[in-house]
Amino acid sequence: MVVGLKMVDSIVVKVGSKIFSSVSNLLKHAAKSKNLRHATQIHSQIVTSNEASLGNINSLLWVYAKCGSIDSTLLLFATTPLASSNVVSWTTLISQLSHSDNPSRALTCFNRMRRTAAVCPNHFTFSAVLPACAHPPLLSHAQQIHALLLKHGFHSDTFIATTLVDTYANCASMALAQNVFDQMPHRNLVSWNSLIVGFLKNKLYFRAIGVLRALLQKTELFPDQVTFSSVLSACAGMVELGFGKQLHGSVVKRALVGFVYVKNSLVDMYCKCGVFQDAAKLFCDGGDRDVVTWNVIIMGCVHGLNFEQACNFFMDMIREGVEPDETSYSSLLQVSASLAVLAQGTLIHGRVLKTGRLENPCVLSSLVTMYGKCGSLSDAYRVFGEAKDRNVVCWTAMIAVFHQHGCGNEAIELFEEMLREGVVPEYITFVSVLSACSHTGKVDDGFRYFNSMANVHCIEPGLEHYSCMVDLLGRVGRLEEAWRFIESMPVKPDSSVWGALLGACGKHGNVEMGEEVAERLFKLEPDNPGNYVLLSNIYTRHGMLEEADEVRRLMGINGVRKEIGCSWIDVKNMTFVFNADDRSHSRTQEIHEMLQKLKELIKTRGYVSEIQFATNSVEGSEEQSLWCHSEKLALAFGLLVLPPGSPVRIKKNLRTCGDCHTVMKFASEIFQREIIVRDINRFHRFTNGSCSCRDYW
DNA sequence: CGTGGTTGCC
């Protein structure tokens, strides 16, 4: 805090209780406190007292850099001719620009320095400018600077060559990085670590481990905490528990577990490898923890679907006085989304706003997804629409939300808008877009987008995309084409691809193909009850009851059980859970009376029970078993206890059944209620007798 | 040179 500025012969300033008598001390203090106001005061004093020596100007440039004020730096530079002929001044400017939001200005400056000012770069200049090209689109600039530093003879400088390895790695050019590394006459541990980190950043985990092996075999160097936190991260990426445990041993032996970076990597490695107990043991070892340690363990819970435990850790974290950061909020939003608890999600949204964290792209995308998964399309779209910066993940999230809510056309329109805005789509974006095409029956558009993946966007389609295409063809009944499409795939079809085709066979009642596809699926995933149910339903619909029974027997032989249908509904602050055939609720009597009344009402309007959905029931009692489905029980309860006119929100653990879907449509009209059913993969919003999914799910 | 992170088909 500047208490007073007093001019004597030289500058004397009282800062707090300390007296500073030289410009250089003043500047040091300003740099340390990052006080921009203080710096500008010194600036004007330097100018008025004629102390604008090159040394002072360069120090001041450095202080402005510390304060992060690019405008001040540029102004000082422009108004001081002395600086424009000095390599230190230029280097300070370039370094600051390299680390700014728009690093390409550092390159412009670098070129101006050489061409216009004819100042020769030194090795500080090279290490300042290289980070400015550390992005894939700027690879050619990195190569130009590489050529230049070869000309200046700096390539054998260990520090510069290491910076170059890092730069090429950040340009996603590991071949070039490796080449520079191989030609280095001397390598220190930082050089080795840079190469490891490079492979790590480019997800070439196996190569990162390979570099560690070479480091151990070929050199006398000792890997340090940076080495270990990086290779552990590679193990986490590979889900390689065996080697990860070995590394843990080395970490203990070398007494590096006290470094919080190393510990965090270890905890994360155990979480990602699915051994949460080992992660928790390490987490609780009494050593240092920081916000990342907490985030890692919280994400570990989310990964293991232990949502309640994730919330408990989050509360412990706050109790221990650790301030949650963007990652913490993003994880908690994922919890709210997974549990579809809108109230909790909204609470976190408020907290995010209060702490000014909506700018963060991860938080933003998680928030959009949370509202989507909690059933509020309008809130998701509002958050998306009001966002300032939207990256491809955020767009992808919104596209997916539209799709989950049955708005396939809107999803596709949004994708087109995204392309018009110049946002580059990625792998997952196409999963949602192709699914949207499938659900809206847009076969030609689907193929156009599918082909554009490789041809326009350089994305190799994966199994997820192939499944979408099979679904796309299968849904509109082009089953033979779908089969041929599978045969033409360059990769081996997996259960998701065959599963899409079996679903289509079910929808279109193709017994022969269904049998053939189901046989493959029974081999690929004998434990998945869905395939048995689908085939059995195909048989039932064709009156092939013996064959249907045979499939049920096969299920028994293979020890596969159909998951019990379960629906739940929130009333005030209580959650009421209904299993199929549930008679445990105290108001069961009223619930069944309500259902009986509903059945009679809708029968007069043309409802015929769709008994093919009555699986697992004794012949003759199919209709009765249909009316004991969990979502119907939850609906009846909701109609009984919720105030008239308020929406009925039901969540279900499985796909909703066709008969229930029909009943919900009728009920929404008769009771003039909005009924929202979230099943395992989408939302059904019933209003006035129709569903948002347009009966296509 | 270093830990954690957002989005998905069915």
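Residues numbered from 1 in each chain as written. Chains lettered and ligands numbered in written order. Predicted model: local features only at pLDDT ≥ 70, side-chain atom pairs only at ≥ 80, totals over all residues. Heavy atoms only, no water.

- An unreviewed UniProt entry annotates chain A as DYW domain-containing protein originating from Flemingia macrophylla.
- Here is the UniProt Sequence similarities (unreviewed entry) comment for chain A, exactly as written: "Belongs to the PPR family. PCMP-H subfamily." (UniProt positions renumbered as here; feature names shortened; annotations may be inferred.)

## Some points on the pairing of strand E8 (residues 683-687)
Okay, step 1: Where strand E7 (residues 675-678) and E8 come together, four bridges link them in antiparallel fashion. Each residue of the ladder has a partner; that of Ile675, found in E8, is Phe686.
Okay, step 2: Counting the residues that bridge the hairpin from E7 to E8 gives four residues.
Okay, step 3: Looking at chain direction, E8 and strand E9 (residues 690-691) are connected through two bridges and run antiparallel. Bridge pairing in E9 places Thr687 opposite Ser690.
Okay, step 4: Taken together, E8 and the strand that follows it, E9, pair antiparallel across an intervening segment of two residues, in which Asn688 is found at a positive phi of about 45°. (Pairing = 2+ DSSP bridges. Helix = DSSP H or I, 4+ residues; strand = E, 2+ residues; numbered from the N terminus.)

## Some remarks on the pattern of salt bridges
Okay, step 1: The tally for this structure, following the rule as stated, stands at 20 salt bridges.
Okay, step 2: The salt bridge partner of Glu481 is Arg478, with a shortest N-O separation of 2.8 Å.
Okay, step 3: According to the relative accessible area criterion, Glu481 is partly exposed, its value standing at 30%.
Okay, step 4: Judged by its relative accessible area of 33%, Arg478 falls in the partly exposed class.
Okay, step 5: Through salt bridges with shared partners, a single ionic network connects Glu323, Glu326 and Arg357. (Salt bridge = Lys/Arg side-chain N within 4 Å of Asp/Glu carboxyl O. Buried < 20%, exposed > 50% of the residue type's maximum accessible area, 1.4 Å probe, protein only.)

## Focus on helix H12 (residues 205-218)
Okay, step 1: With 14 residues, H12 should cover 20 Å at 1.5 Å per step; its first-to-last C-alpha distance of 20 Å lies within 8% of that length.
Okay, step 2: Among the residues of H12, Tyr205, Ala208, Ile209, Val211, Leu212, Ala214 and Leu215 are the ones counted as buried.
Okay, step 3: Elements that come into contact with the buried residues of H12 comprise helix H11 (189-201), helix H13 (225-238) and helix H14 (241-253). (Expected span 1.5 Å × (residues − 1). Contact = heavy atoms within 4.5 Å.)

## Regarding the nonpolar core
Okay, step 1: Of all hydrophobic cores here, the largest spans 174 residues; its most connected members are Ile145, Ile297, Val368 and Leu501.
Okay, step 2: The biggest single contributor to this core is helix H23 (residues 392-404), with eight residues.
Okay, step 3: The contacts of Ile297, once residues within four sequence positions are left out, are Val267, Cys271, Phe276, Ala279, Ala280, Phe283 and Phe313.
Okay, step 4: By size, the runner-up hydrophobic cluster in this structure holds 31 residues, among which are Ile569, Leu598, Leu626 and Leu642. (Core = buried A, V, L, I, M, F, W, Y, C linked by side-chain atoms within 4.5 Å.)

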